[in-house]
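Spelled out from the first residue to the last, the chains are:
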Amino acid sequence: MKGVLNKSFQREDAVVTAVELFSAGWCNLACRYCYIPKTEFLKDIHETIKEKIQDGSFIKELKDFYGDELESISHWGTEPTLTVKLFKKFYDEAVVAFPKLRQVKISSNFMTPPSNLIVWVTEILPQDRKLEVSIQVSHDGPEAITDKNRIGGSTYKIIENCLAVVKGLNDIGTHHDVKMHLKPTIGDDD
């Protein structure tokens, strides 16, 4: 079944199969180069996102818009690990609503507890379907750049948290195909 978006294409074989889901409206950092203002308005957006996760609105909106064609869901926006533990019901419903779902992605500044990602992979994501899980690590490079742009001590905290996620996933085990990669952001002055 095609959703509203996919019905709008003139070619029958033109189908959108991936979505970037704005999964958080708040961030635990205030990086120098970030273009997202840290305002009360975004705190309200964050609360709205949490409600949509928990009341099933996100699934309904995705189903209406994409039909059952989704193969990939990417969690983006400010810091997605702040809400990942709320997505259990969402993913229980997603694997039914989107039978082709095979890939889940997330980006993190890795300055939140590593347990957020460990629990997300091992308990929140469905364990009865093998998924490709891609975890993007925001790390800007050497300490002189990362710590200046984020907060002091970020460089080693990010590395420490990455190692904790890898160790946690290895210790617990998961049948998902989990990959991690780095994504640096560097401003003009660096």
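Now for a description of the structure that goes with this document. (Residues numbered from 1 in each chain as written. Predicted model: local features only at pLDDT ≥ 70, side-chain atom pairs only at ≥ 80, totals over all residues. Heavy atoms only, no water.)

## Side note on the pattern of salt bridges
Thinking step 1. Taken as a whole and assessed by the stated rule, the structure comprises 18 salt bridges.
Thinking step 2. K2 is the salt-bridge partner of E12, the closest N and O atoms lying 3.6 Å from each other. With E12 in the loop between helix 1 (4-7) and strand 1 (18-22) and K2 in the segment before helix 1, this residue pair connects regions lying 10 residues apart in the sequence.
Thinking step 3. With relative accessibility at 65%, the residue E12 sits in the exposed group.
Thinking step 4. Note that K89 is salt-bridged to E93, the shortest N-O span being 3.8 Å. (Salt bridge = Lys/Arg side-chain N within 4 Å of Asp/Glu carboxyl O. Helix = DSSP H or I, 4+ residues; strand = E, 2+ residues; numbered from the N terminus. Buried < 20%, exposed > 50% of the residue type's maximum accessible area, 1.4 Å probe, protein only.)

## Focus: the packing of helix 5 (residues 114-124) against helix 7 (residues 154-172)
Thinking step 1. At a minimum axis separation of 9 Å, helix 5 and helix 7 run at an interaxial angle of 30°. For helix 5 against helix 7, the interelement crossing comes out right-handed. Contacts between helix 5 and helix 7 involve P114, L117, I118, V121 and T122 on the former and, on the latter, N161, A164, V165, G168, L169 and I172.
Thinking step 2. Looking at the contact of helix 5 with helix 7, its residues break down into eight nonpolar, three polar and no charged. (Axes fitted to C-alpha atoms, helices over the stretch in contact; angles between N-to-C directions. Left-handed = near helix turned anticlockwise from the far one by under 90°. Contact = heavy atoms within 4.5 Å. Nonpolar A, V, L, I, M, F, W, Y, C, P; charged D, E, K, R; others polar.)

## Some remarks on unusual backbone geometry
Thinking step 1. For T78, which is not glycine, the phi torsion reads 35° and is therefore positive.
Thinking step 2. Here T78 is to be found in the loop between strand 2 (72-76) and helix 4 (88-97).
Thinking step 3. Notably, F110 is not glycine yet its phi reads approximately 60°, a positive angle.
Thinking step 4. By the secondary structure assignment, F110 is in the loop between strand 3 (103-108) and helix 5.
Thinking step 5. Judged by its relative accessible area of 2%, F110 is buried.

## Re the environment of L169
Thinking step 1. Secondary-structure assignment places L169 in helix 7.
Thinking step 2. Here L169 falls in the buried class, since its relative accessible area comes to 8%.
Thinking step 3. For the pair L169 and L117, spaced 52 residues apart in sequence, the C-alpha separation works out to 9.1 Å.
Thinking step 4. Excluding anything up to four places from it in sequence, L169 contacts I118, V121, T122, T174 and V178.

## Examining helix 2 (residues 40-55)
Thinking step 1. Taking 1.5 Å per residue as the helical rise, helix 2 with its 16 residues ought to reach 22 Å, and the 23 Å between its terminal C-alpha atoms agrees with that figure.
Thinking step 2. Among the residues of helix 2, L42, H46, I49 and I53 are the ones counted as buried. Projection of helix 2 onto a plane perpendicular to its axis shows the buried side chains occupying an angular sector of 60°, all on one side. Turned more than 90 degrees off the buried face of helix 2, the exposed positions are E40, F41 and D44.
Thinking step 3. In the core, the buried residues of helix 2 are packed alongside strand 1 and helix 3 (57-66).
Thinking step 4. Following helix 2 by one or two positions, G56 adopts a phi angle in the positive range, close to 90°. (Expected span 1.5 Å × (residues − 1). Arc of directions from axis to C-beta.)

## Examining helix 7
Thinking step 1. Relative to the 27 Å expected for 19 residues at 1.5 Å per residue, helix 7 spans 26 Å between its end C-alpha atoms, a close match to the ideal helical length.
Thinking step 2. By the burial criterion, the buried members of helix 7 are S154, T155, I158, N161, C162, V165, G168 and L169.
Thinking step 3. Packed against the buried residues of helix 7 are helix 5, strand 4 (132-138), helix 6 (143-149) and strand 5 (177-183).
Thinking step 4. Directly after helix 7, the chain includes G173, whose backbone phi takes a positive value near 85°.

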